[in-house]
Structure formats: structure tokens, C-alpha cells
Amino acid sequence: MSFLDFLPLDLLKGLGVTGRYLLKKKVTIQYPEERREPADRFRGMFGFSEERCIVCHACAKACPIDIIHIQDHFEELEVDGKRKKKKVLDRYDIDVKRCMFCGLCEEACPTEPVAIWLTTKTYETSAYERNEQLYFTKERLQSWEGVMPYPGVKTPRQGQMPGDATGTKKPKTGEQK
Amino acid sequence: MTSPLIAFLVVPLVKIVVILLAVLVIALYMSFFERKILAYMQIRLGPNRVGPGGWLQAIADAFKLLSKEDVVPGRAEKLVFLLAPGLVVVPALVVFSVIPFGPATTLFGLLPQAVPPYLTDINVGILFVLGVSSVGIYGIILGGWSSNNKFSLMGGLRSAAQLISYEVPMGFSVVAVVLMANSLSLVKIVEAQKQAGVWYVVPGFVAFFIYFVCGVAETNRNPFDLPEAESELVAGFHTEYSGMKWAFFFLGEYANMVVVSSIATVLFFGGWLRPFPSVALLSFLDVIPPFLWFAFKVAVFLFIYIWFRGTFPRYRFDQLMALGWKVLLPVSMANVMLVGLGVLLLGGRR
């Protein structure tokens, strides 16, 4: 044990670290006034497109907690001069209060682009009454009535696209199928 | 003085009110600064919502504590439970009566006669401080015992053990200063430093180090906060306290921090004196009033308290005892011998 071991040099080193951090730039984001943009793959509020939905029920089957409720009926429609039976969506409800945002519904969706997606960057979905306000019918899933979209994000009805919530991404060339 | 009524009643009363208010406000705002500084050390911002820059946070906290329910546990020893917080606060506040904040002043000519800004200067000042501030520990022990809660009791007992272990080296470190100043009066100690022309930290660096470590231990602050060790004892001696009773414990803790800082300033950093009080070259520093020098030094010590809390982890109990008895006590005794020898050899110079 040398003489230096008696000196509290390690303590001073520790004090130096905290002293340095005292003057560092603070990392706090003052939430309501400023907010950090979520990543592109951030999973938030649902977006839904009734036009693209082919009523295949794949999302409802993929959902691990069965919170997607779908009902449909067949209609005879004239398409290209032929009479065809087509599925029509009656009900597409998501019980968002129980959703765990696993994104399996989006993975299961066979359409291109997907008809149900979570990459909306919108996370301010708190509510005072969860049974009413956090139960979304197909109309509300598109109009986002009662949802506060992340700044710059359009509602699904206004043309928000999956994986590109703010509509700023450039379309990739050469990768089109 | 014009009449004895003014000299012995009005002036001390005014001083008491001013000192009490100042101490209470400082204690109140220490909680705010502590949160703020700790936050800054953790690269956060800390409280900044209540009032401009969060400056009303301390007042909001005080109102919150006032309006909280005052719970007394059913099996608690009611009278003692009630008395304990007072026993912590009162000694902490009483000590301020002898702390010299500055030399006699006319307040820039406002007063007809120079009045010392401290309440009184008794010739055993430092003994008074050590004695009275040690009484505060009774409040902690009694609070821990009367709560009828094993965690509280453990906290109180730890506090007692800690005080006994650290009071001894603290006393020895103070003895070193008393030897140099040749007086027990706090005012005389400051004046002796003026005559010596050097703060007593320079000859008494070891004593200062020991004093401050013991001071941190006696105020139950990090890294010696075993009596309220959160991870082991819930909240230690004040587990069962809520509302204003709890606030009193904290008032006492912060007031004690100010006491220890003030005494460290007086004993080792020349109280209200400017740096190098005998060097005429630095006399331009006299522009700053002596009281501000005192306040500035105390503020630095209070900052160091919080700095410690932001830096050091808590000592284990056996480490605490080992440090007190095996390191600080022998070192402080050797230091007293050395300082005594120095005073003997240098004689009249100090």
C-alpha cells in the first residue's frame, strides 16, 4: 500500500465526472412543446384503407389476441361485362384498447400496399373512456375521428400511405414489381 | 445604544426574525436547487414547470406538504412521535444564534451605530455548536423508535451509531483550529485568521477534510445516508412520517447542512474574510461586502453537499464504521499533535 492510496483520488475522479456532466447539454425533450419524430417503422395508431381491403380475414386470423372483428356478405356485381360474386365489408372493428401493437396484422395483409398498417407515427391516443373512445369501427379507422395525428400526418382517408406516414419518402425506382 | 429596551429586546428580536426567515427560505430553496443540480448532473433539466424556470416549485412543494394528511400510525407512541420532528428542527435553528455572518456593520450607514449581524458571540461558541447540534440526533432516534416500525428503528439506531463514530474525529479536527486561534469563540476564530493573514485551511487542510467528511456524516447525507437508506430501510427513521412532520425532518436536515457549511466556513475559510486578508494588493476585493463573502462560501459548501450526493454511492455499514474509527479518528488525533507542535514552535505568529 503506497502513500497515494491514502489520498482520495478516486473520489475526486468521480466528482470530476459528475462535474463535467453538470455542464453538458441536456437531453430532455420538453414533450408538449417539442417532440421527437418517431422512427419510420414506429408502430402507432392504426391506418386502414377500405378500398384496398379484399376482406380475406388474414389480419383477424393473425391477431394473437383476436381484437379485429370482420363481417362481410357477397354481392353480385358487374365487372368487365361479367357477373361476379364479390365480398363486401360490413364491419371492420379494432378494439385498440387491447392492442399490443405487435404488427402481425400488417405482416399478414396480402395487398400491396397493405390495407391495415401501424406505421403512422401517431401515438397520442389517450382517452378518458376506453371502451367507447378506443373502439374503432372501419369509418373511424379511416377518418381518425377523435385521434390527434402526429404533426404532418394525414388521416388514412386523406391518403396516408403505409410505411410513409408523413408522405415525404421518395418512391424507390427500379424495385417495382 | 440609545436605550436598554432597544439594545436588549428590539435589536435581538429583529435579528432572530431575520435569521429564522433566511434559514427557512434557504432550507426551502435548497430542496429546489438539490433537485435542479442533481438533474443537471444526470443531463436532465429538473423541475422547470412551476413558475418561471421552475422557481415556484419549492413554494408549491411547501403548500403540498401543508395540505397533506397528517398520518399517525395506530401503534405509534403518540407524544414522542409528535415531538421528534421538533427535536430535529429546533437545535438546528438554535445553532444559528452563534454563527457570525459578518463583522459589525452599519448597513451602509443606515443604522446610527455599528451592529454585529450575528445574534450573539459567546466565548464557547464552537462548543455550543457541537453540543446543540448533537441534540438533533435525539429527534431522529425518538422518531425512529416511536414509529413502532422496524425500519424506522433501524434507521434511528444507525443514526446514533453514526453520530457517535463521527462526533469524535470532528471534535479533534475542531481542536486543531482552536489551537491555532487560541479561542473557542467563533468571532475570535475569524479575527485570528485575519491576524494570521491566512485561512486556516492552509495549515489545517487535514483538519478541514476530516471536519467536512464528519459534517456530511452527521447530517445524514450521501454517501453517509444510512439512517434513511432507501434501498434497505424504506425511508429509515421517517418512514412513518408524512405531511408537515416529514417536512420538519427535511427542514432540520437542510438547516443542519447550512450549519455544517457555515461552521466549515468560519473555522477553515475565514468566515466573512476575503481571500488572503493581509495582502494589500487584493484590497479591491473589499468592494464585496463581508456578508456576501460568507454567503458565497456557504453556498459553495452546500453545492459540494449536493455534488457528493450526485456522485457517491452509499457506504456499507461496516465500511462506515471502519472509516470513522480506523481512518478518521487516528488521522485526526495525529493531526492535533502536529498542529499543536506547529503552534508550539511558531508560537506568537498564530
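Residues numbered from 1 in each chain as written. Chains lettered and ligands numbered in written order. Predicted model: local features only at pLDDT ≥ 70, side-chain atom pairs only at ≥ 80, totals over all residues.

Trainee: I tried to follow the overall build of chain A on my own but got confused; where do I start?
Mentor: Along its length, chain A carries 5 helices and 5 strands. From first element to last, N terminus to C terminus, chain A shows the α and β order α-β-α-β-β-α-β-α-β-α. A globule of 177 residues ought to have a C-alpha radius of gyration of about 16 Å, yet chain A, at 25 Å, is considerably larger. In terms of principal-axis extent, the alpha carbons of chain A reach across some 100 × 45 × 35 Å. Across the 177 residues that make up chain A, the buried fraction comes to 21%. Of the contacts made within chain A by residues no fewer than 6 positions apart, 65% connect residues no fewer than 24 positions apart. (Helix = DSSP H or I, 4+ residues; strand = E, 2+ residues; numbered from the N terminus. Rg over C-alpha atoms; globule rule 2.2 N^0.38 Å. Buried ≥ 20, exposed ≤ 12 C-beta atoms within 10 Å, placed from the backbone. Contact = placed C-beta atoms within 7 Å.)

Trainee: Got a minute to help me understand the confidence of the model for chain A in this structure?
Mentor: Predicted coordinates in areas of low pLDDT are best not read in detail. Predicted confidence across chain A gives a mean pLDDT of 84, with 92% of residues reaching 70 or more. For chain A, strand E2 (residues 68–79) of chain A is the element with the lowest average pLDDT, namely 85, and helix H3 (residues 104–108) of chain A is the one with the highest, namely 91. (pLDDT = per-residue confidence, 0-100.)

Trainee: Which parts of the structure should I look at to understand the environment of B:Pro290?
Mentor: Residues and elements named next belong to chain B. Examined against the element boundaries, Pro290 turns out to sit in helix H10 (residues 290–311). Placed 17 residues apart in sequence, Pro290 and Leu273 show a C-alpha to C-alpha distance of 6.3 Å. Residue contacts for Pro290: discarding those within four places in its chain leaves Gly102, Pro103 and Trp272.

Trainee: Could you clarify how one ought to interpret the interface of chain A and chain B in this entry?
Mentor: Accessible area lost during the coming together of the parts is what is often quoted as the interface size. Taken together, the contact between chain A and chain B spans 9 residues of the former and 9 residues of the latter. Grouping the constituent residues of the side of chain A that touches chain B by class yields 4 nonpolar, 3 polar and 2 charged. (Nonpolar A, V, L, I, M, F, W, Y, C, P; charged D, E, K, R; others polar.)

Trainee: Where do I start with the pairing of strand E3 (residues 82–95) of chain A in this structure?
Mentor: The side chains of a regular strand alternate between the sheet's two faces. Residues and elements named next belong to chain A. Pairing analysis gives 12 bridges linking E2 to E3, with the strands arranged antiparallel. By the bridge assignment for E3, Gln71 is matched with Arg91. The turn joining E2 and E3, which pair antiparallel and follow one another in sequence, is formed by 2 residues; a positive phi near 50° is taken by Asp80. By the bridge criterion, 2 bridges tie E3 to strand E5 (residues 135–136) in an arrangement that is antiparallel. (Pairing = 2+ DSSP bridges.)

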